[in-house]
Amino acid sequence: MTSTYLSGTRSGPDAVPQPLPPSGRARSRHRLLHWLTAVGFQLPALALFGVLVLLPILFALYASFFRWGGFGMPSDYTGTDNFTRLFQDDVFLGDLWRCLVLVVLSLALQLPFALAMAVLLNQRIRGRAVYRMLFFAPYVLSEAITGVLFGMIFAPDQGLADHVLGAVGLDGLGGEWFSAPSTVMATLFLVMTWKYFGFHMMLYLAGLQSIPAELTEAATVDGAGPWQRFRHVTLPLLAPTLRISVFLSVIGSIQLFDLVWVVTAGGPDHHSETMAVTMFQYGFKRYQVGYASAISVAMFAISLVFALAYQRFVLRRDLEGATTNMRGDGA
């Protein structure tokens, strides 16, 4: 006796029944269930993001159109006067210049130094784990502790830095560190480098350790020297990590606040002030919250424009490769 099941299946005593394909209504219910499950898992995170991030951004944008002292609700509407004031404010324009200086110094000095240390500590040298820990340790310290520490080190006439210079006969170079307009930014950048270069160094170490050793060995067999191996093998393969490091460094320079506030509070005479410090001064010291909100909106706009442009023109290939691999279309 034979039995026939679905079209296209075997018939006979050993035939295996095949399940019926789901109907259109069943498929719709299945998709809806998956969608509701995804929304249910994401809803708490989206709610927190909306309350803690989106709402403050929108309220800051709203408050930036008012002359407001921070008490009650904004009511004295001034239109775009706060934004017009930004570009007439010498302090804010100076903040933009100092931000650019920090970005250039970070890209030209801090990141190459971190890369050199990462390449050195990627070699098989005795005690490299200890050196890695020591170089990364400053990043673990809070900005407040770092600020207090270097405030004591660079204290005029009695700090450790002045004593060391005096011991080697260079006491004429000390004494002004954070107190003179001509030296405050250089000293502040020195503190920033000590604090943050270990983070970038660890990023580069992770990138270096992901490079297959066979490629370097093959280049060595082909007669490439250390510089040629670094230039033509290591650096191109490390490029995605370098791009992420540059992005984080620039965004960090734009939003720099706590370290500057603890060390100099923007002094002397605004010569170490950043946009975030200026925003804090106007918002919480002078109670000009409307103008401070305009500064925060300007900071957000600068960061957003840079992030979108950097993603579009620099990170595009990395992001396209990640998307391709996630979809299963890559190799």
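A brief structural summary. (Residues numbered from 1 in each chain as written. Predicted model: local features only at pLDDT ≥ 70, side-chain atom pairs only at ≥ 80, totals over all residues. Heavy atoms only, no water.)

1. Here we look at a nonpolar patch on the surface
Heads up, the condition is: Each patch is assembled from residues with relative accessible area greater than 30% and no salt bridge, linking like charges that lie within 9 Å and nonpolar side chains (Val, Leu, Ile, Met, Phe, Trp, Tyr) that lie within 5 Å. Per-residue and other accessible areas were derived by the Shrake-Rupley procedure at a 1.4 Å probe size, with only the shown protein chains allowed to occlude residues. Each salt bridge in this description consists of a side-chain nitrogen of Lys or Arg and a carboxyl oxygen of Asp or Glu lying within 4 Å of one another. Only DSSP runs of H or I with at least four residues qualify as helices, and only runs of E with at least two residues qualify as strands; both kinds are numbered from the N terminus onward. For each residue, the accessible area found with a 1.4 Å probe, counting protein chains only, is set against the maximum for its type, and the residue is called buried under 20%, exposed over 50%, and partly exposed in between.
Taken together, the side chains of Leu48, Phe49, Val51, Leu52, Val53, Leu54, Leu55, Ile57, Leu58, Phe300, Leu304 and Leu308 define a hydrophobic patch exposed on the protein surface, amounting to about 1100 Å² of accessible area. If you trace the backbone, Phe49 turns up in helix H1 (residues 24–63). The exposure class assigned to Phe49 is partly exposed, which follows from its relative accessible area of 43%.

2. Things to note about the pattern of salt bridges
Considering all chains together, one arrives at 3 salt bridges under this definition. For the salt bridge of Asp76 with Arg67, the shortest nitrogen-to-oxygen distance reads 3.0 Å. In this structure, the salt-bridge partner of Lys195 is Glu143, at a minimum N-O distance of 3.9 Å. Of this pair, Lys195 sits in helix H7 (residues 184–209) while Glu143 sits in helix H5 (residues 143–153); the two residues are 52 residues apart in sequence, bridging distant segments of the chain.

3. What to know about the packing of helix H3 (residues 90–121) against H7
So the rule is basically this: Axis lines are fitted through C-alpha atoms, for helices just across the contact stretch, and the angle between N-to-C directions can take any value from 0 to 180 degrees. The labels follow the angle: roughly parallel below 35 degrees, roughly antiparallel above 145, roughly perpendicular from 65 to 115, and oblique for the rest. Whether a crossing is left-handed or right-handed is set by the direction in which the near helix is turned from the far one by less than a right angle, anticlockwise for left-handed and clockwise for right-handed.
Relative orientation of the contacting elements H3 and H7 amounts to 45°, with a least axis distance of 7 Å. The orientation of H3 relative to H7 falls into the category oblique. Here H3 runs over H7; the crossing is right-handed.

4. Structural notes on the packing of aromatic side chains
Stated formally: Put simply, two rings from Phe, Tyr or Trp (the six-membered ring, in Trp's case) pair if the centres are within 6.5 Å, and we call them stacked under 30 degrees between planes, edge-to-face over 60, tilted for the rest. A ring has a charge above it when a Lys NZ or an Arg CZ is no more than 6 Å from the ring centre and no more than 35 degrees off the ring normal.
Per the stated rule, a full pass over the model turns up 25 aromatic pairs. Ring centres of Phe87 and Phe92 lie 6.5 Å apart, and the angle between their planes is 90°; on these two criteria the pair is classed as edge-to-face. Residue Phe92 is classed as buried on the basis of its relative accessible area, which comes to 2%. Three or more aromatic residues joined by ring pairs form one cluster here, namely Phe59, Tyr62, Phe66, Trp68 and Tyr77. Cation over ring: Arg286 sits above Tyr282, and NZ or CZ is 4.4 Å from the ring centre.

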